[in-house]
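Geometric and topological summary
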Amino acid sequence: CVLRKIAERTPLQRLLEHLLRSMEKRDPQQFFAWPVTDNIAPGYSQIITNPMDFSTIKQKIDDGNYQNLNEFINDFKLMCSNATTYNHQDTIYYKAAKKLLHVGLKMVTPEKLRQLRSVLT
Ligand SMILES: COc1ccc(C(=O)NC2CCC2)cc1-c1cc(C(C)=O)n2cccnc12
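The shown structure was predicted, so the numbers you read here are calculated from the model rather than taken from an experiment. (Residues numbered from 1 in each chain as written. Predicted model: local features only at pLDDT ≥ 70, side-chain atom pairs only at ≥ 80, totals over all residues. Heavy atoms only, no water.)

Looking at where His18 falls in the secondary structure, it is placed in helix H2 (residues 11–25). For His18, a relative accessible area of 27% puts it in the partly exposed group. C-alpha separation for the pair His18 and Leu116, spaced 98 residues apart in sequence, amounts to 9.2 Å. (Helix = DSSP H or I, 4+ residues; strand = E, 2+ residues; numbered from the N terminus. Buried < 20%, exposed > 50% of the residue type's maximum accessible area, 1.4 Å probe, protein only.)

Okay, the nonpolar core next. In this structure, Leu19, Phe54, Ile57, Leu69, Phe72 and Met79 are the most contacted members of the largest nonpolar core, which totals 25 residues. Residue assignment for this core shows that the elements contributing at least two residues are H2, helix H4 (54–62), helix H5 (69–86), helix H6 (92–106) and helix H7 (110–120). With seven residues, the top contributor of residues to this core is H5. The contacts of Phe72, once residues within four sequence positions are left out, are Leu16, Leu19, Leu20, Met23, Ile57, Ile61 and Tyr66. (Core = buried A, V, L, I, M, F, W, Y, C linked by side-chain atoms within 4.5 Å. Contact = heavy atoms within 4.5 Å.)

What follows covers the layout of surface pockets. Take a probe with the size of a water molecule and roll it over the atoms, and the empty space left behind shows itself. If you add up the space inside the largest pocket, you get close to 380 Å³. Taken together, 19 residues form the lining of the largest pocket, with Phe31, Val36, Ile40, Ala41 and Tyr93 sitting closest to its centre. Looking at the lining of the largest pocket, the element that brings in the most residues is H5, giving four residues. Looking at the lining of the largest pocket, its residues break down into 15 nonpolar, three polar and one charged. (1 Å grid on protein atoms, 1.4 Å probe; cavity = no way out; pocket = protein on both sides within 12 Å on 5 of 7 lines; lining within 4 Å. Points joined across faces, edges and corners; volume = space filled by probe spheres on them. Nonpolar A, V, L, I, M, F, W, Y, C, P; charged D, E, K, R; others polar.)

In the vicinity of the ligand, the contacting residues are Gln30, Phe31, Phe32, Trp34, Val36, Ile40, Ala41, Asn87, Ile92 and Tyr93. In the environment of the ligand, an oxygen atom lies 2.9 Å from a nitrogen or oxygen atom belonging to the side chain of Asn87. In the model, a nitrogen atom of the ligand is placed 3.1 Å from a nitrogen or oxygen of the Tyr93 side chain. When the free accessible area of the ligand is taken as 580 Å², the share hidden by the protein chains comes to 67%. With respect to the pocket detection grid, the ligand is positioned in the largest pocket. Class assignment of the residues belonging to the shell around the ligand gives a composition of eight nonpolar, two polar and no charged. (Near = heavy atom within 4 Å. Polar contact = N/O pair within 3.5 Å; in protein donor to acceptor, adjacent residues only side chain to side chain. Areas by Shrake-Rupley, 256 points an atom, 1.4 Å probe, with all protein chains shown as cover. Sits in = over half its atoms within 2 Å of the grid points.)

Looking now at the packing of aromatic side chains. Per the stated rule, a full pass over the model turns up three aromatic pairs. On the numbers, 4.8 Å between centres and 75° between planes, the contact of Phe31 with Tyr93 is edge-to-face. Of this pair, Phe31 sits in the loop between H2 and helix H3 (44–47) while Tyr93 sits in helix H6, and the two are 62 residues apart along the sequence. (Phe/Tyr/Trp six-rings, centres within 6.5 Å; stacked < 30°, edge-to-face > 60°.)

See the structure below:
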């Protein structure tokens, strides 16, 4: 039926949703959960031309917007680099972004993906 068609997830979507959930767990203060607004970060929209956050990544997964894992990883890297661009080194956001990038990229090493593939498929 048509409802079942909408709910079905491709293997790529299942992999990306799993990775997104794991990455979100490493952001307990939810600094990366939603778009950064100009009122919490003055001048943000002038400095950061390509904003990215976990909720936007989630929407792109649901919309089938990612053709492959690398496009997803690029948005994750963009989200972290935006934070290290806008925020000075001595801020909690800069430090959180550096840690998140490191932890997130460790989740997508060939070895981790091999383990995941056997679990997810
Ligand atoms: C969705 O973005 C956010 C949501 C909540 C918070 C937040 O709870 N900040 C409190 C911790 C000290 C104030 C911060 C942010 C936040 C993220 C960011 C990023 C990611 O650059 N940011 C930069 C400057 C000021 N605030 C932020």
